[in-house]
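Letter by letter, the chains look like this.
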Amino acid sequence: MKYALLILALIGIIASSLALREHYRPYGESVCDINAHWDCGIVNHSPYAVLPQGSPTGMPVAIIGIAGYFVLGILALKRAYKLMLALALPALAFSLYLASLEASPNKIGVWCLYCAISLATISLMTLLLALTVVGKAVRGRKQIAT
């Protein structure tokens, strides 16, 4: 499990780094301007791409993603799966919130490929962590019962 989570953390760092590159790339020069529904440049230049939201000097959300995946990777090395799950759940919720902004025609209305990869990554990490933590708890209870 440790290595699968490490690989997912690396994928998350790469996806977040590519999104950060789009954030600092001049508007209109996005390499993932695929069509009217997929454009990382629009998403990463939107007011939702920084915290606090809309601040011209705010921190790009992608930096938070890079840091978060880095922390999850370190915790995977230590096999701290319960703590990882505690951190992955709010990360998944935030990623779903950002995806809802991308899906909403009244907000962004365009999808970012890198953000979708990150959402899939944190979703899979959270699922694997939940299965691991629950599995360990069940196995622990069976050992106590015997």
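Above this text sits the structure in question.
Residues numbered from 1 in each chain as written. Predicted model: local features only at pLDDT ≥ 70, side-chain atom pairs only at ≥ 80, totals over all residues. Heavy atoms only, no water.

> How should I be thinking about the pattern of salt bridges in this particular structure?
When the charged atoms of two side chains with opposite charge come close together, those side chains can pair. Counting across every chain of the model gives 1 salt bridge. Its salt-bridge partner being Glu22, residue Arg21 comes within 3.7 Å of it at the nearest N-O pair. Residue Glu22 is classed as buried on the basis of its relative accessible area, which comes to 1%. (Salt bridge = Lys/Arg side-chain N within 4 Å of Asp/Glu carboxyl O. Buried < 20%, exposed > 50% of the residue type's maximum accessible area, 1.4 Å probe, protein only.)

> I'm lost on helix α4 (residues 81-103) in this one. Help?
Counting along an α-helix, one turn takes 3.6 residues, and residues three or four places apart therefore face a common direction. The end-to-end C-alpha distance of α4, which contains 23 residues, comes to 31 Å, matching closely the 33 Å that a straight helix rising 1.5 Å per residue would cover. By the burial criterion, the buried members of α4 are Tyr81, Met84, Leu85, Ala88, Leu92, Ser95, Leu98, Ala99, Leu101 and Glu102. (Helix = DSSP H or I, 4+ residues; strand = E, 2+ residues; numbered from the N terminus. Expected span 1.5 Å × (residues − 1).)

> Could you clarify how one ought to interpret the state of the cysteines in this entry?
One covalent bond between the sulfur atoms of two cysteine residues makes up a disulfide. Considering all chains together, one arrives at 1 disulfide under this definition. In this model, Cys32 is linked to Cys40 through a disulfide, with the two sulfur atoms separated by 2.0 Å. Accessibility assignment for this pair places Cys32 and Cys40 in one class, buried. Among the cysteines around Cys112, which has no disulfide bond, Cys115 carries the closest sulfur, lying 3.0 Å off. Judged by its relative accessible area of 0%, Cys112 is buried. (Disulfide = S-S within 2.5 Å.)

> Can you help me understand helix α3 (residues 61-77) in this one?
The terminal C-alpha atoms of α3 lie 25 Å apart, and with 17 residues this matches the ideal 24 Å at 1.5 Å per residue to within 8%. All of the buried residues in α3 are Val61, Ala62, Gly65, Tyr69, Leu72, Gly73, Leu75 and Ala76. The buried residues of α3 occupy an angular sector of 165° when the element is viewed end-on, so they sit on one face. Looking one or two residues past α3, Arg79 carries a phi angle of roughly 55°, positive in sign. (Arc of directions from axis to C-beta.)

> Quick question: what am I supposed to make of unusual backbone geometry here?
Peptide bonds are, in most cases, trans, and in most cases residues other than glycine have a negative phi. For the peptide bond that leads from Leu51 to Pro52, omega is -5°, which places it in the cis range. Note on placement: Pro52 falls in the loop between β1 (50-51) and β2 (59-60). A positive phi is found at Arg79, a non-glycine position, where the angle reads about 55°. Mapping Arg79 onto the fold places it in the loop between α3 and α4. Owing to a relative accessible area of 48%, Arg79 belongs among the partly exposed residues under this scheme.

> Sorry if this is basic, but what is going on with the side chain of Glu22 here?
Secondary-structure assignment places Glu22 in helix α1 (residues 2-24). Non-local contacts of Glu22, meaning those with residues more than four positions away in its chain, are made with Ser30, Val31, Cys40, Gly41, Asn44, His45 and Tyr114. (Contact = heavy atoms within 4.5 Å.)

> Teacher, can you tell me more about the packing of α3 against α4 here?
Working note: a packed helix pair is described by the angle between its axes plus the distance between those axes. Running from N to C, α3 and α4 point in directions that differ by 155°, and their axes come no closer than 10 Å. In terms of axis orientation, α3 runs roughly antiparallel to α4. Here α3 and α4 pass one another in a crossing that is left-handed. Residues Val61, Val71, Leu72, Leu75 and Ala76 of α3 lie in contact with α4, whose contacting residues are Leu83, Met84, Leu87, Phe94 and Leu98. Its residues assigned to classes, the contact of α3 with α4 comprises 10 nonpolar, no polar and no charged. (Axes fitted to C-alpha atoms, helices over the stretch in contact; angles between N-to-C directions. Parallel < 35°, antiparallel > 145°, perpendicular 65-115°, else oblique. Left-handed = near helix turned anticlockwise from the far one by under 90°. Nonpolar A, V, L, I, M, F, W, Y, C, P; charged D, E, K, R; others polar.)

> I keep staring at a positive patch on the surface and nothing clicks. Help me out?
On the surface, Arg79, Lys82, Lys136 and Arg139 cluster together to form a positively charged patch. Its location among the elements puts Lys136 in helix α5 (residues 113-145). (Patch = residues over 30% accessible without salt bridge, like charges linked within 9 Å, V, L, I, M, F, W, Y side chains within 5 Å. Areas by Shrake-Rupley, 256 points an atom, 1.4 Å probe, with all protein chains shown as cover. Lys, Arg positive; Asp, Glu negative; His and termini not counted. Charge placed at Lys NZ, Arg CZ, Asp CG, Glu CD.)

> Even after reading the chapter, I still don't get the side chain of Ser16, so can you show me in this structure?
When you line up the elements, Ser16 lands in helix α1. With residues near it in sequence (within four places) discarded, Ser16 still touches Ala62, Gly65, Ile66, Tyr69 and Ser118.

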